[in-house]
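Analysis of the macromolecular model
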Amino acid sequence: MLPLLAAAGLVLGTAREGTARAAASCPGRLVKTVTFATGSLRVYKTKAYACAVTVAENPGARQESKVSLQPRGGRAVVDQGEFATPAGPVRVHALNRCVRVSGSVGGGTGSTGWIQC
């Protein structure tokens, strides 16, 4: 029974680590979370920068993922590919600028429109 509980703890620990890694990879405070069927899009902000990651609902398996972060008046920064970990982080200078964020995992997508204006 004890080995089974230990294995369950390892599995649960892995899911939490994926979420913690996503949060730790972007500095600043969490300002927006957009959830969708297959994951979530998380946006963080410091005084001068915005940062975003896309996290899968079921981390661990490699799947097509994307995160895009665009400051108003600037070009989008994109991280796209088949990842077993969160897509991103992507970071842009956003002092006194709105940002638009979008992301996808598998077939699900989410976006924010212009925020932090």
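Our subject is the structure that appears above.
Throughout what follows, the structure given in this document is the object of discussion. Along each chain, residues carry numbers from 1 onward, in the same order as the chain's sequence is written. Predicted model: local features are reported for residues with pLDDT of at least 70 only, side-chain atom pairs are reported and counted for 80 or more only, and whole-chain, interface and lining totals are derived from all residues. Computation of side-chain values covers all heavy atoms of the structure but excludes hydrogens and water.

So, on to the pairing of strand β7 (residues 99-105). Only protein chains enter the area calculation, which uses a 1.4 Å probe; residues under 20% of their type maximum are buried, those over 50% are exposed, and those in between are partly exposed. Only DSSP runs of H or I reaching four residues or more are called helices, and only runs of E reaching two or more are called strands; each is numbered from the N terminus. β7 sits mainly inside the fold: 5 of its 7 residues count as buried. Two strands pair under a simple rule: DSSP has to find at least two bridges between them. Of the pairings in the sheet, the one linking β7 to strand β8 (residues 108-115) comprises 6 bridges and is antiparallel in character. Bridge pairing links Ser-102 to Ser-111 in β8. Where β7 folds back on β8, the antiparallel hairpin that results is connected by 2 residues, among which Gly-106 adopts a positive phi of roughly 60 degrees.

Time to look at empty space enclosed by the protein. Cavity: a set of points on a 1 Å grid over the protein atoms alone where a 1.4 Å probe fits but cannot get out. Pocket: an open set with protein on both sides within 12 Å along at least five of seven lines, its lining residues, like those of a cavity, having an atom within 4 Å of a point. Grid points are joined across faces, edges and corners, and a volume is the space filled by probe spheres set on the points. In this structure the tally under the stated criterion is 1 cavity of 30 Å³ or more. There is about 40 Å³ of room inside the largest cavity. As for the largest cavity, its lining consists of 14 residues, of which Ala-56, Gln-63, Ser-65, Phe-83 and Thr-85 are closest to the centre. It is strand β3 (residues 49-56) that provides the largest number of residues to the lining of the largest cavity, a total of 3 residues.

This brings us to unusual backbone geometry. For the bond from Gly-88 to Pro-89, the omega torsion is 10 degrees, close enough to zero to count as cis. In this structure, Asn-96 takes a positive phi of about 60 degrees despite not being glycine. On the secondary structure map, Asn-96 appears in the loop between β6 (87-93) and β7. Residue Asn-96 is classed as exposed on the basis of its relative accessible area of 75%. Unlike most non-glycine residues, Gln-116 shows phi in positive territory, near 60 degrees. Structurally, the position occupied by Gln-116 is in the segment after β8.

Our next topic: the environment of Ala-56. Summarising the element assignment, Ala-56 is placed in strand β3. Residues count as neighbours in contact if any of their non-hydrogen atoms are within 4.5 Å of one another. Not counting residues within four places of it along the chain, the set of residues in contact with Ala-56 comprises Thr-38, Gly-39, Gln-63 and Val-105.

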